[in-house]
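# Remarks on the overall topology
Each chain, written out:
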Amino acid sequence: MAAPAAPDPPPARSGAPKRALARALDSDLLHSFLRSRVTVIAALGTLACVAAAFLSPWIAPHDPFDLAAISILDSRLPPVWLEEGDARFLFGTDDQGRDLLSGILYGMRISLVVGVCSVAAAAILGIALGLIAGYFGGRTDALIMRIADVQLTFPAILIALLVDGAARGLFGSLDREVYAFWILIFALALSFWVQYARTVRGSTMVEKSKDYVQAARVIGIPAPVIMVRHILPNVMGPVLVIATLNLAIAIVTEATLSFLGVGMPPTQPSLGTLIATGNDFLYSGEWWIAIFPGLALALLVLAVNLLGDWLRDALNPKLR
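Residues numbered from 1 in each chain as written. Predicted model: local features only at pLDDT ≥ 70, side-chain atom pairs only at ≥ 80, totals over all residues. Heavy atoms only, no water.

## Here's the deal with the overall build of the chain
Looking only at helices and strands, the chain has 13 helices and 0 strands in total. Mapped in sequence order, the helices and strands of the chain form the string α-α-α-α-α-α-α-α-α-α-α-α-α. Buried residues in the chain amount to 41% of all 320 residues. Within the chain, contacts between residues at least 6 apart in sequence are counted, and of these 70% link residues at least 24 apart. In the form shown here, the chain has an accessible surface area of approximately 17,900 Å², with 67% of it arising from carbon and sulfur atoms. (Helix = DSSP H or I, 4+ residues; strand = E, 2+ residues; numbered from the N terminus. Buried < 20%, exposed > 50% of the residue type's maximum accessible area, 1.4 Å probe, protein only. Contact = heavy atoms within 4.5 Å. Areas by Shrake-Rupley, 256 points an atom, 1.4 Å probe, with all protein chains shown as cover.)

See the structure below:
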């Protein structure tokens, strides 16, 4: 009698990543994204702005920070398609003779980095305080929420001006320029954390009464572990929407502060600094020094805002 055949080996698990990719491609979020032509265009525009900003050392025609390559004789040249334009400077030059296109690329990088870092810092602070307030409640919740209520009475620009004034008194004007980047991030983070805290607090108060949190308490899991490993993943949906919308607000706020002279210094120009420089020559006929950085800022903020609007609608279960 013949021996029974050996059982077939178990199938390899190499198909798991493929199944995960297939689920991602078949998700409602991706279908919603691909169905919206405006969102796709906004995503491509945002990606182009980010790529151009961070690849500026390689794709910019000139280095606006290289003093040896800058000539004051090239100052205030118009764009190349105007009568006195120079083929070396596509968008013209500023009052120092720096290439405006290169300045926009480098300035956009600074604006994006300040916006992303300030939003990340505000999200970390707001999420932590929101989890603590929603989970523990009582006096802790009351104290954090009263601080948030007081914070809401001050506009973001006023808070940034107060922080900048305190930094000037602490470091002095010269040292303040050295730390201007970090001071600006701190000021913007201090302005935006309340939205994250209030949103996460409300979601945490709902989640902490559910069975999985009660079971985790019963088996003795510490409160910080419950908040980070169990509650936090379930409250991140609204946080992502707020972060996307706040990124555009942070970029505009940074540009406003730089335009007012309390943001990035002229040695590290952002888009707001470039607009402030061009504003001095706007009425004398050199319109391109202010208009082109302003258009770059408007397009960047518009693209990010459109992405945030789509993400808010896509993650809203009432609209599905």
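## Observations concerning the UniProt feature "transmembrane region" (unreviewed entry) in the chain
Residues annotated by UniProt as "transmembrane region" (unreviewed entry) correspond here to residues 38–59, 110–136, 148–167, 179–196, 239–262 and 287–311. With 85% helix and 0% strand, the stretch residues 148–167 has end C-alpha atoms that lie 23 Å from each other. (UniProt positions renumbered as here; feature names shortened; annotations may be inferred.)

## What to know about the nonpolar core
Most often, soluble globular proteins have nonpolar side chains that are buried together. The biggest cluster of nonpolar side chains holds 59 residues, and the ones touching the most others in it are Ile104, Met108, Val114 and Tyr196. Among the elements that make up this core, the one with the highest residue count is helix H5 (residues 100–136) (12 residues). Isoleucine 104 has contacts with Phe91, Leu271, Leu274, Phe292, Pro293 and Ala296, leaving out every residue within four places of it along the chain. (Core = buried A, V, L, I, M, F, W, Y, C linked by side-chain atoms within 4.5 Å.)

## What about a nonpolar patch on the surface?
Taken together, the side chains of Val150, Phe154, Ile157, Leu158, Leu161, Leu162, Phe259 and Leu260 define a hydrophobic patch exposed on the protein surface, amounting to about 680 Å² of accessible area. The element contributing the most residues to the nonpolar patch is helix H7 (residues 156–178), with 4 residues. Within the secondary structure, leucine 260 sits in helix H11 (residues 236–260). (Patch = residues over 30% accessible without salt bridge, like charges linked within 9 Å, V, L, I, M, F, W, Y side chains within 5 Å. Salt bridge = Lys/Arg side-chain N within 4 Å of Asp/Glu carboxyl O.)

## Considerations on the packing of aromatic side chains
How two aromatic rings sit relative to each other is set out by the distance from centre to centre and by the angle between their planes. Inspection of every chain in the model, using the stated rule, returns 7 aromatic pairs. Ring centres 5.2 Å apart and planes at 85° place the aromatic pair tyrosine 135 and phenylalanine 136 in the edge-to-face group. For tyrosine 135, a relative accessible area of 9% gives the class buried. Take phenylalanine 136: its relative accessible area is 47%, and that puts it in the partly exposed class. (Phe/Tyr/Trp six-rings, centres within 6.5 Å; stacked < 30°, edge-to-face > 60°.)

## Brief notes about the side chain of glutamate 286
Counting through the fold element by element, glutamate 286 comes out in the loop between helix H12 (271–279) and helix H13 (288–314). Within the structure, the side chain of glutamate 286 is placed 2.5 Å from the side chain of serine 284, a separation counted as a polar contact. (Polar contact = N/O pair within 3.5 Å; in protein donor to acceptor, adjacent residues only side chain to side chain.)

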